[in-house]
Amino acid sequence: MAKTTLGKLPREAIRLTELPRLPRDVVEGYKVLVDLTGTISDAMDQLGIVGVVPAYVLPPVTPGTRVVGPAVTVRNIQRTAQIHKAATVDKTNTQGETEAHNLAEPGDVLVIQGVPGCPNMGGQAATTARRQGFIGAIVDATVRDPDGYREMNWPVWCRGFTPITGKWRMQTVEVNGTVEIRSVPCKPGDLVCADEAGIAIIPRDKIAAVLELSQKIDAGDTKRKADIDKGVGISDLWSKKYK
């Protein structure tokens, strides 16, 4: 059954209501990589794909978490209305991330290109997103309520935090269009993999190729670690081709 929209945004602002779904074995193949984003980054380098954002520019709110899933995207921009007039007179809230929540399927990752200085997501929005099936969020901007994400153990990567409301300060202009996360493009349906080291955004048409090479790299790294643990000599370790 085709999904309907909520009317929070003009219909043309919602580029896709249904995403093509990835085979489960592909997603599971990424999930079991030992060094998730490090291995993927090496594979993407070898394949000439730009798509990795290091955690020092977009860190996780909760260390030790990771996500693997297709992107549902949201783009927010700075609102032009005078803030205090909007808050006290107009009382118009132009945030529309609920349209993305409405379209989510279990296992999706919410990816937001946002406005720094105000929250592009807060605790209640995150609770709704989690209930609707999102397994985490990547926010290229600031968010609110960091303790809420930690209490839910719901993974979020962002630039930082702010208590200032975004209701009167920003506007959602597009859902499921192309966004940029620290200058890396992300389209709806691209695979998002994130851990404590960073974020890898894999274009949908490259997902199978990146996985195949990542698995080879992962197997080589695992074998080298085992040889190190067994006491294999330095000369043998560095002369042997593992990957």
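For the structure given in this document, a descriptive report is provided here. (Residues numbered from 1 in each chain as written. Predicted model: local features only at pLDDT ≥ 70, side-chain atom pairs only at ≥ 80, totals over all residues. Heavy atoms only, no water.)

**Here we look at the overall build of the protein chain**
- A count of helices and strands for the protein chain gives 8 helices and 10 strands.
- In the protein chain, buried positions account for 49% of the 243 residues.
- Considering only contacts in the protein chain between residues 6 or more positions apart, those separated by 24 or more positions represent 76%.
- For the protein chain, the exposed surface amounts to about 11,900 Å²; the carbon and sulfur share of it is 54%. (Helix = DSSP H or I, 4+ residues; strand = E, 2+ residues; numbered from the N terminus. Buried < 20%, exposed > 50% of the residue type's maximum accessible area, 1.4 Å probe, protein only. Contact = heavy atoms within 4.5 Å. Areas by Shrake-Rupley, 256 points an atom, 1.4 Å probe, with all protein chains shown as cover.)

**A few points about the pattern of salt bridges**
- Applying the stated criterion to the full structure yields 8 salt bridges.
- One salt bridge in this structure joins Lys3 and Glu105, with 2.8 Å as the shortest N-O distance. In this pair, Lys3 is assigned in the segment before α1 (24-31) and Glu105 in the loop between α4 (98-103) and β3 (109-113), connecting sequence segments 102 residues apart.
- Here Lys31 and Glu28 are joined by a salt bridge, their closest N and O atoms 3.5 Å apart. Taken as a pair, Lys31 and Glu28 lie in helix α1 at a separation of 3 residues, close to a single helical turn. (Salt bridge = Lys/Arg side-chain N within 4 Å of Asp/Glu carboxyl O.)

**Quick notes on α1**
- Within α1, the full set of buried residues consists of Val26, Val27, Gly29 and Tyr30. The buried residues of α1 occupy one face: seen down the axis, they fall within an arc of 155°. Exposed residues pointing more than 90 degrees away from the buried face of α1 are listed as Arg24 and Asp25. (Arc of directions from axis to C-beta.)

**Focus on the pairing of strand β10 (residues 198-202)**
- For β10, the tally of buried residues reaches 5 of 5 residues, placing the bulk of the element in the interior.
- Going residue by residue along β10, you find Gly198, Ala200 and Ile202 tucked away on one face and Ile199 and Ile201 tucked away on the opposite face as well.
- The pairing of strand β9 (residues 191-195) with β10 spans 5 bridges and is classified as antiparallel. Across the sheet, the residue bridging to Ala194 is Ile199, located in β10.
- The hairpin turn running from β9 into β10, its antiparallel successor, is 2 residues long. (Pairing = 2+ DSSP bridges.)

**Comments concerning the nonpolar core**
- Membership of the largest hydrophobic core comes to 27 residues, with the highest contact counts inside it found for Leu110, Met121, Val139, Tyr149, Trp154 and Val156.
- Every element with two or more residues in this core is listed here: β2 (67-78), α4, β3, α5 (123-132), β4 (137-143), α6 (146-152) and β5 (156-161).
- At 4 residues, the largest contribution of residues to this core is made by β4.
- Excluding residues that lie within four positions of it along the chain, Leu110 makes contacts with Val72, Val74, Ala100, His101, Met121, Phe134, Gly136, Ala137 and Ile138.
- Listed in part, the 20 residues of the second largest apolar core include Leu191, Cys193, Ile207 and Val210. (Core = buried A, V, L, I, M, F, W, Y, C linked by side-chain atoms within 4.5 Å.)

**Details of the side chain of Asp195**
- Looking at the element boundaries, Asp195 is found in strand β9.
- Here Asp195 occupies a buried position and makes no salt bridge, while the nearest side chain of opposite charge, Arg66, is found at 4.7 Å.
- Polar contacts involving the side chain of Asp195 include one to the side chain of Thr37, which spans 2.7 Å. (Lys, Arg positive; Asp, Glu negative; His and termini not counted. Polar contact = N/O pair within 3.5 Å; in protein donor to acceptor, adjacent residues only side chain to side chain.)

**Digging into helix α2 (residues 36-47)**
- With 12 residues, α2 ought to run about 16 Å at 1.5 Å a step, and its terminal C-alpha atoms sit 17 Å apart, in line with that.
- Along α2, the residues classified as buried are Leu36, Thr37, Thr39, Ile40, Ser41, Ala43 and Met44.
- At the N-terminal boundary of α2, the capping side chain belongs to Asp35, with an oxygen 3.4 Å from the backbone nitrogen of Gly38.
- Taken from the residues just after α2, Gly48 is the one with a positive phi, measuring 70°. (Expected span 1.5 Å × (residues − 1).)

**Points about the environment of Pro203**
- Summarising the element assignment, Pro203 is placed in the loop between β10 and α7 (207-230).
- Overall, Pro203 belongs to the partly exposed group, its relative accessible area being 24%.
- The spacing of Pro203 and Asp190 is 13 residues in sequence and 4.9 Å in space, taken between C-alpha atoms.
- Excluding its chain neighbours within four sequence positions, the residues that come into contact with Pro203 are Ile49 and Asp190.

**Observations regarding the environment of Ile181**
- One can find Ile181 in strand β7 (residues 179-181).
- Once the C-alpha coordinates of Ile181 and Ile199 are considered, the two residues, 18 residues apart in sequence, prove to be 9.5 Å apart.
- Not counting chain neighbours up to four residues away, the residues in contact with Ile181 comprise Val53, Leu58, Val111, Ile112, Gln113, Ile138, Asp140 and Ile201.

**Some remarks on the side chain of Thr142**
- Along the chain, Thr142 falls in strand β4.
- Polar contacts involving the side chain of Thr142 include one to the main-chain amide nitrogen of Gly117, which spans 2.9 Å.
- Among the polar contacts listed, one links the side chain of Thr142 to the backbone oxygen of Cys118, at a separation of 2.8 Å.
- Setting aside chain neighbours within four positions, we find Thr142 in contact with Val115, Pro116, Gly117, Cys118, Pro119, Asn120, Met121, Gly160, Phe161 and Thr162.

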